[in-house]
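Chains, contacts and geometry: an overview
So you can see what is in the structure, the chains are spelled out below.
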Amino acid sequence: MEKDIQNKEHIKGFSQIKVKDLNISNIDVYNNLQKIDLTKENLSVPKQKIINKIKKSYEKYSKNLSLEKDEYVLSEFELFELSKLESKNTVRYLIYRYIYNLFPRLKIIEDFPPCVQLEPTSKCNFRCIMCYQSDLTFSSKKAGFMGDMNFDVFKKVIDEIEGNVEAVTFASRGEPTLNRLLPDFLEYCKGKFLGLKVNTNASMLNEKMIHGLLSSDLQTLVFSVDSPNPDEYEKIRVKSNFKRLMKNLELFHEIKEKNYKDSKQIIRISGVKMSQSQKVNKMDEQFGKFANFIGFTNMTPWMSSYDNEINDIQDPCTQLWTRLLVRHDGTANPCDYDYKDKLSKFNTKNLSIKEIWNHKTYMEYRNLHLEGKRKELFPCNRCLSTGK
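Presented here is a report on the structure given in the accompanying data block.

Here is what the cut-offs are and how they apply
- Residues numbered from 1 in each chain as written.
- Predicted model: local features only at pLDDT ≥ 70, side-chain atom pairs only at ≥ 80, totals over all residues.
- Heavy atoms only, no water.
- Buried < 20%, exposed > 50% of the residue type's maximum accessible area, 1.4 Å probe, protein only.
- Helix = DSSP H or I, 4+ residues; strand = E, 2+ residues; numbered from the N terminus.
- Arc of directions from axis to C-beta.
- Contact = heavy atoms within 4.5 Å.
- Phe/Tyr/Trp six-rings, centres within 6.5 Å; stacked < 30°, edge-to-face > 60°.
- 1 Å grid on protein atoms, 1.4 Å probe; cavity = no way out; pocket = protein on both sides within 12 Å on 5 of 7 lines; lining within 4 Å.
- Points joined across faces, edges and corners; volume = space filled by probe spheres on them.
- Nonpolar A, V, L, I, M, F, W, Y, C, P; charged D, E, K, R; others polar.
- Core = buried A, V, L, I, M, F, W, Y, C linked by side-chain atoms within 4.5 Å.
- Polar contact = N/O pair within 3.5 Å; in protein donor to acceptor, adjacent residues only side chain to side chain.

1. Concerning helix 2 (residues 26–35)
Because the α-helix completes a turn every 3.6 residues, residues three or four places apart line up on one side. Residues Asn26, Val29, Tyr30 and Leu33 constitute the buried set of helix 2. Projected onto a plane normal to the axis of helix 2, the buried residues spread over an arc of 100° and lie on a single side. The inward-facing, buried residues of helix 2 contact helix 3 (45–62), helix 4 (76–83) and helix 5 (90–106).

Pasting the structure below:
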């Protein structure tokens, strides 16, 4: 495993997800679309165009016809998400997922990003071997990057994106649950977003935090776990403790079953694929009862973002069209790969999300990617991802 990391291997093709209890199909969505009276949805003209495009996509899908690049039907994962929502949110969800998936592919920029990723804290109690937290020039106190988001920074962003963005993720360079304000952040988000998500290593779960998470409007809670093997898990997630992980997951499951039996919250267990020894079926055997989905994501060599070799990738990275990251201090940046914010010229304390997303500098970054000049942009020239 260490050899894999030292070679900075970018492992591809391992994004695997196990879907459980899926009780809806795209044919069901197609049939429901026929019944919806869009005149009652009070949609703007751009959103009307999107829903008409979706309807056309489903009509072609029902006839087994191929879809054009601007046409879209829901994935299996999205069908599961939709099944957890009230029927009144069907059209809203379809529009949200079309924007989230298609706009980055089609390189469409609107006033707001499809997703805003918030960093409750840049601090982390782990030093995972694939992560920038293992870089002491970043994670040491004297480096100046460590801090917690305060409520003023958080509230300014939320107040602006409410009604304009659906996907809001609490995750970035640190462990979100280390910020004691996280339950307050989630409480403030109630009723505002369809795609609210928290990523956590589950190490800080206690009764108070678990109740805060389960009583919130979270659509998805992601536990970051890479292996069912204690030695392998602790080798990847340095400073972790497998016994504590299992104890915390058991406590979460117990509280959920006892107090939130009817919860619509989706629980995912997602690991970083580091080697061939990590198997999704073994993950399911160990963690299956805790989650609706279990899978792996590709490993990106974050621990050496600024030292990786310059590559010849010319494909534009879709992250520039997908999400905006807001750090704990309000700094805004296009990508987590750039963990020291070399690309950032923006801060939400003096610029709005709308202004940042459409900023001249941000557009210059996108144009360089579109023109195949990614090599001219640091650290994009050292990143192996196309964001696809």
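2. A closer look at the environment of Phe80
Position of Phe80 relative to the elements: it lies in helix 4. Through-space distance from the C-alpha of Phe80 to that of Asp262 is 16 Å; in sequence the pair is 182 residues apart.

3. Points about the packing of aromatic side chains
Under the counting rule described, the total for this entry stands at 24 aromatic pairs. Taken together, a centroid distance of 6.4 Å and an interplanar angle of 15° make the contact between Phe170 and Phe185 stacked. Here the residue Phe170 occupies a position in strand 3 (residues 167–170), and Phe185 occupies one in helix 8 (residues 182–188), the gap between them amounting to 15 residues. In this structure Phe170 comes out as buried when scored by relative accessible area, which is 0%.

4. A look at empty space enclosed by the protein
Scanning the entire structure with this criterion turns up 1 cavity of 30 Å³ or more. When its volume is computed, the largest cavity comes out at roughly 30 Å³. Along the lines of polarity and charge, the residues of the lining of the largest cavity split into 8 nonpolar, no polar and 1 charged.

5. Description of the nonpolar core
In terms of nonpolar packing, the biggest core is built from 74 residues, with Leu118, Ile161, Phe170, Phe223, Ile269 and Phe287 touching the most fellow members. Sorting elements by how many residues they give to this core places helix 11 (residues 242–259) first, with 6 residues. Apart from residues no more than four positions distant in its own chain, Ile161 is found in contact with Phe112, Val116, Val168, Phe193 and Ile353. Core analysis: the next-biggest nonpolar cluster, separate from the first, contains 27 residues, Leu94, Tyr100, Leu102 and Leu194 among them.

6. Concerning helix 9 (residues 207–214)
Turning to helix 9, its buried residues number three or more, namely Met209, Ile210, Gly212, Leu213 and Leu214. Where helix 9 is buried, its residues contact helix 8, strand 5 (220–224) and helix 11. Near the N-terminus of helix 9, the side chain that reaches the backbone nitrogen of Lys208, with its oxygen 3.2 Å away, is that of Asn206.

That's the geometry; what it means functionally is another story.
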